[in-house]
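The lines below spell out each chain.
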Amino acid sequence: MAKLMKNPLVIGLAAIVLIGFGMYVYQLANGLGITGMNNSTSWGAYLTCFMFFVGLSAGGLIVASSASIFHVEKYKAVALPAVICSLVCICAAGLCVLIDLGGIQRIWRLFTGMNFLSPLAWDVCVITIYIVINLFYLYFMCSKKADPAKVSVVSRFALPVAILVHSITAWVFGLEIAREAWHTAILAPIFVASALDSGLALLLLALFALRARGIFHTADELITSLAGLLCACVSVDFYFIFCEILTTAYNGTEGGMAVINTLLFGGTAPFFWFEIVCGLGVPFIILVFAKNRRNMKLVGIASALIVAGVFCKRCWLMFTGFATPNIVGANGITLGTTAAQAGGAADMWSVLGTYMPTLPEVCISVSVFALAALAFIVLCHALIKPQA
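Keep in mind it's a predicted model, so treat the numbers as computed, not measured.

(A) Focus on the overall build of the chain. Summing up its helical and strand segments, the chain has 16 helices and 2 strands in all. Taken over C-alpha atoms, the radius of gyration comes to 21 Å for the chain, in line with the 21 Å a tight globule of 388 residues would show. With respect to the three principal axes, the spread of C-alpha positions in the chain is 70 × 50 × 40 Å. Taken over 388 residues, the chain has a buried fraction of 50%. Accessible surface for the chain amounts to roughly 18,500 Å². Of this, 71% is attributable to carbon and sulfur atoms.

As structure tokens, this is what we get:
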């Protein structure tokens, strides 16, 4: 562990975390007004990262649990790093929610006044259960008297909960009837599909990193097999997105076309097209050929593009929903920001959703990624025995 503390990467990640913590203290002192969030766009970078991390946590746990439930023996070889990756990502997701709370000192009210009719309450419960399952998984896998039977029992709970945690996160958005871009029955399947491909892609990147550091060796044949599964997940993800776009555009309703125009040609179009072309199209073209799946560099490139593409998906999904405020007439909606008030009446009103993350937001969000990477490195060094 002392050697690990001298690692330049670890030192760099720790420095980023400290900067982010300083910015968070500044946010606590001055309120969420220092962020780019406003009355028209009330959810920003923090909850976008929350969605992203929830999805990333899926691949690892599903691979690990499938190895026990469906007796896929070859996947058992990567079960431990897969569960570590899952645990780190779901904890990072929970941290993003805590950061987004302006009055975190009143979080105790969550437990004394929880509204169980709200999807937000369901999300809190299922994420807590998800974290507990990951911890049990690690305990049974790493204990001196590891019992495969206990691991098998936990895996039977892990798989449905892994699917449920992404479905409920989708329902937080999909059950919002006032948001045309979110209110769709297919949103949960879209979330699950993108969680599968992004989580599996992240697992592959983690396996490559562990192999490069000599911590954990994964055979090329197993990576090739996981790459084939990843290709199937990417195709399903693309299919669900196509179904949603076609259904919305074909009807030609006013609200639906406003969403389509924003998504294809408006403010969120760069995120959408990056995901479609670079996050789905290019990786599919790479991975659909068996020869490419045996090329570790190409698998790594495809995996990185998929992770980046799913992050863009979280961005376009979040901010397309806020692009058109649900109001009619008057001057629009008051932004409610300090900058808008200082600019006068002309700058206070908006007829379109506006959002740009501020420097504190960016620093805090990046620090969460750094903390997740740091936690993964530390846990891998602590729990995985170096292989010869």
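(B) Focus on the state of the cysteines. A full pass over the atoms with the stated rule returns 0 disulfides. Residue Cys-231 stays outside any disulfide, its sulfur separated by 9.2 Å from that of Cys-233, the closest cysteine. The class of Cys-231 is buried, set by a relative accessible area of 8%. The closest cysteine sulfur to the non-disulfide-bonded Cys-278 is located on Cys-312, 8.5 Å from its own sulfur.

(C) Quick peek at the pattern of salt bridges. Scanning the entire structure with this criterion turns up 3 salt bridges. Lys-313 is the partner of Glu-275 in a salt bridge, and the nearest nitrogen-oxygen pair spans 3.4 Å. Taken as a pair, Glu-275 in helix α11 (residues 269-287) and Lys-313 in helix α13 (residues 296-322) lie far apart in primary sequence, 38 residues in all. Here Glu-275 matches Lys-313 in class, with each residue buried. One network of salt bridges, with partners in common, ties together Asp-237, Glu-275 and Lys-313.

(D) Fine view of helix α6 (residues 119-142). Relative to the 34 Å expected for 24 residues at 1.5 Å per residue, α6 spans 34 Å between its end C-alpha atoms, a close match to the ideal helical length. Regarding α6, the residues found buried are Pro-119, Ala-121, Asp-123, Val-126, Ile-127, Tyr-130, Ile-133, Asn-134, Tyr-137, Leu-138 and Phe-140. The inward-facing, buried residues of α6 contact α3 (45-69), α4 (79-100), α7 (148-174) and α16 (359-383). Between the side-chain oxygen at the start of α6 and the backbone nitrogen of Leu-120 there is a gap of 3.1 Å, and the oxygen is on Ser-118.

(E) Focus on helix α2 (residues 8-30). With 23 residues, α2 ought to run about 33 Å at 1.5 Å a step, and its terminal C-alpha atoms sit 33 Å apart, in line with that. For α2, every residue scored as buried is listed here: Val-10, Leu-13, Val-17, Gly-20, Tyr-24 and Gln-27. You can read the cap of α2 off the contacts: a side-chain oxygen lies 2.8 Å from the backbone nitrogen of Leu-9, and it is on Asn-7.

(F) Structural detail: the packing of aromatic side chains. One pass over the full model with this rule turns up 17 aromatic pairs. Between Phe-272 and Trp-316 the ring centres are 5.5 Å apart and the planes differ by 75°, which places this aromatic pair in the edge-to-face class. Of the two residues, Phe-272 is situated in helix α11 and Trp-316 in helix α13; the sequence distance between them amounts to 44 residues. What makes Phe-272 buried here is its relative accessible area of 4%. Here Arg-314 stacks its cationic end above the ring of Phe-191, 4.6 Å away from the centre of that ring.

(G) Spatial organisation of the nonpolar core. If you look at the biggest cluster of nonpolar residues, it comprises 106 residues, and the most contacted ones within it are Phe-53, Phe-173, Leu-287 and Met-318. When residues of this core are assigned to their parent elements, the largest contribution, 16 residues, is made by α3. What Met-318 contacts, discounting residues up to four positions off in sequence, is Trp-43, Gly-44, Leu-47, Thr-48, Met-51, Phe-173 and Trp-182. Grouped together as the second largest cluster of nonpolar side chains are 7 residues, Val-10, Leu-13, Ala-370 and Leu-374 included.

(H) Region of interest: a nonpolar patch on the surface. A cluster of nonpolar side chains, contributed by Val-97, Leu-98, Leu-101, Ile-107 and Phe-111, occupies part of the molecular surface with about 390 Å² of accessible area. Inspection of the secondary structure puts Val-97 in helix α4.

(I) Broad picture of the environment of Gly-174. Looking at where Gly-174 falls in the secondary structure, it is placed in helix α7. Separated by 85 residues in the primary sequence, Gly-174 and Cys-89 place their C-alpha atoms 23 Å from one another. In contact with Gly-174, other than residues within four places in its own chain, are Trp-182, His-183, Thr-184 and Leu-187.

(J) The arrangement of the confidence of the model for the chain in detail. For the chain, the average pLDDT comes to 87, and 91% of its residues sit at 70 or higher. When mean pLDDT is taken per element in the chain, α11 scores highest with 96 and helix α15 (residues 345-348) scores lowest with 56.

(K) Spotlight on the environment of Thr-262. Relative to the elements of secondary structure, Thr-262 occurs in helix α10 (residues 254-265). On the basis of relative accessible area, Thr-262 is assigned to the buried category, the value being 14%. Taking the C-alpha atoms as reference points, Thr-262 and Phe-240, 22 residues apart in sequence, are found 19 Å from one another. In contact with Thr-262, other than residues within four places in its own chain, are Gly-267, Thr-268, Ala-269, Thr-320 and Ala-323.

Parameters and conventions
Residues numbered from 1 in each chain as written. Predicted model: local features only at pLDDT ≥ 70, side-chain atom pairs only at ≥ 80, totals over all residues. Heavy atoms only, no water. Helix = DSSP H or I, 4+ residues; strand = E, 2+ residues; numbered from the N terminus. Rg over C-alpha atoms; globule rule 2.2 N^0.38 Å. Buried < 20%, exposed > 50% of the residue type's maximum accessible area, 1.4 Å probe, protein only. Areas by Shrake-Rupley, 256 points an atom, 1.4 Å probe, with all protein chains shown as cover. Disulfide = S-S within 2.5 Å. Salt bridge = Lys/Arg side-chain N within 4 Å of Asp/Glu carboxyl O. Expected span 1.5 Å × (residues − 1). Contact = heavy atoms within 4.5 Å. Polar contact = N/O pair within 3.5 Å; in protein donor to acceptor, adjacent residues only side chain to side chain. Phe/Tyr/Trp six-rings, centres within 6.5 Å; stacked < 30°, edge-to-face > 60°. Lys NZ or Arg CZ within 6 Å of the ring centre and 35° of its normal. Core = buried A, V, L, I, M, F, W, Y, C linked by side-chain atoms within 4.5 Å. Patch = residues over 30% accessible without salt bridge, like charges linked within 9 Å, V, L, I, M, F, W, Y side chains within 5 Å. pLDDT = per-residue confidence, 0-100.

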